[in-house]
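# A closer look at the structure
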Amino acid sequence: MIIVRVELHSAIDGQVTEIARMAIDNIGGTATRGNYRIRTLRGRSAASFTRFKVQREGRVHGHARLALHVWWLVAKALAAVGYSKEPR
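Let us look at the structure shown here. Just so it is clear, the structure is predicted and the values come from calculations on it, not from any experiment. (Residues numbered from 1 in each chain as written. Predicted model: local features only at pLDDT ≥ 70, side-chain atom pairs only at ≥ 80, totals over all residues. Heavy atoms only, no water.)

### Some remarks on the packing of aromatic side chains
How two aromatic rings sit relative to each other is set out by the distance from centre to centre and by the angle between their planes. Rules: Stacked, tilted and edge-to-face are the three classes applied to pairs of Phe, Tyr and Trp rings, where Trp contributes its six-membered ring and a pair requires centres within 6.5 Å; stacked means planes under 30 degrees apart, edge-to-face means over 60, and tilted covers the rest. Note on geometry: a ring has a charge over it if NZ (lysine) or CZ (arginine) is within 6 Å of the ring centre and within 35 degrees of the ring normal.
Per the counting criterion, the structure on display carries 0 aromatic pairs. Residue placement shows Arg 56 over the ring face of Tyr 83; its charged tip is 4.1 Å from the ring centre.

### Brief notes about unusual backbone geometry
Stated precisely, the cut-off is as follows: Put simply, DSSP H or I for four residues or longer makes a helix, DSSP E for two residues or longer makes a strand, and each gets a number counted from the N terminus. Buried means the residue's accessible area, taken with a 1.4 Å probe over protein chains only, is under 20% of the maximum for its type, while exposed means over 50%, and partly exposed covers the values in between.
Notably, Phe 52 is not glycine yet its phi reads approximately 55 degrees, a positive angle. Position of Phe 52 among the secondary structure elements: in the loop between α1 (46-49) and β4 (54-64). Residue classification places Phe 52 among the partly exposed residues on the basis of a relative accessible area of 32%.

### Observations regarding the pattern of salt bridges
Definition in use: Only one rule defines a salt bridge in this text: a Lys or Arg side-chain nitrogen within 4 Å of an Asp or Glu carboxyl oxygen.
Applying the stated rule across the entire model yields 4 salt bridges. Arg 37 is the partner of Asp 25 in a salt bridge, and the nearest nitrogen-oxygen pair spans 2.8 Å. Residue Asp 25 is located in strand β2 (residues 16-29), and its partner Arg 37 is located in strand β3 (residues 33-41); the two are separated by 12 residues in the primary sequence. We note a salt bridge from Asp 25 to Arg 39, for which the minimum N-O separation is 2.6 Å.

### Considering the sheet that holds β4
Stated precisely, the cut-off is as follows: Each pair of strands is called paired provided DSSP finds at least two bridges between the two strands. A fitted line through C-alpha atoms serves as each axis, taken over the contacting stretch for helices, and the angle formed by two N-to-C directions is quoted from 0 to 180°.
Here 4 strands make up an open sheet; going across it, the order is β1-β2-β3-β4 and the pairing antiparallel. With one partner strand each, in any of the chains shown, β1 (2-9) and β4 form the two edges of the open sheet. For this sheet the average axis-to-axis angle between neighbouring strands, irrespective of direction, equals 20 degrees. One ladder, built from 8 bridges, connects β3 with β4; its direction is antiparallel.

### Here we look at the side chain of His 63
Which entries qualify depends on this criterion: What makes two residues a contact is simply this: any of their non-hydrogen atoms within 4.5 Å.
Relative to the helices and strands, His 63 resides in strand β4. Owing to a relative accessible area of 2%, His 63 belongs among the buried residues under this scheme. For His 63, the contacting residues outside a window of four places in its chain are Thr 32, Arg 33, Gly 34, Tyr 36, Leu 68, Trp 72, Leu 73 and Lys 76.

### Some words on the side chain of Thr 40
With respect to the helices and strands, the residue Thr 40 is situated in strand β3. In this view, Thr 40 contacts Arg 21, Met 22, Lys 53, Val 54, Gln 55, Arg 56, Val 81 and Tyr 83; residues no more than four positions away in its chain are not counted.

### Here we look at the pairing of β3
Direction of pairing for β2 relative to β3: antiparallel, over a ladder of 7 bridges. Across the sheet, the residue bridging to Ala 23 is Arg 39, located in β3. From the end of β2 to the start of β3, which pair antiparallel, there are 3 residues.

### What to know about helix α2 (residues 70-80)
Where we set the bar: By definition, the arc is the one covered by directions from the helix axis to the C-beta atoms.
All of the buried residues along α2 are Leu 73, Val 74 and Ala 77. What you see down the axis of α2 is that its buried residues fit within an arc of 100 degrees, all on one side. α2 presents Trp 71 and Trp 72 as exposed residues on the side facing more than 90 degrees away from its buried surface. In this structure, the buried residues of α2 make contact with β1, β2, β3 and β4.

Printed below as a string of structure tokens:
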């Protein structure tokens, strides 16, 4: 499992606040192509994320796991759960 955390680091007091979290689970594939389940978690604090309440869920299939950097998987994961277009 890959956990992606977004942290806000205050320039004023140095406080670190986790404001988003996403889990990327390997659900199969081959040695070179991976399939993943994506879950973004509900909340805006580390305490709320530990309850692991799923806000959005999606899938990424056929990701070239050895040829592409992990950031490509993160970008595909965000698109898979609907964060590729800004809401109106």
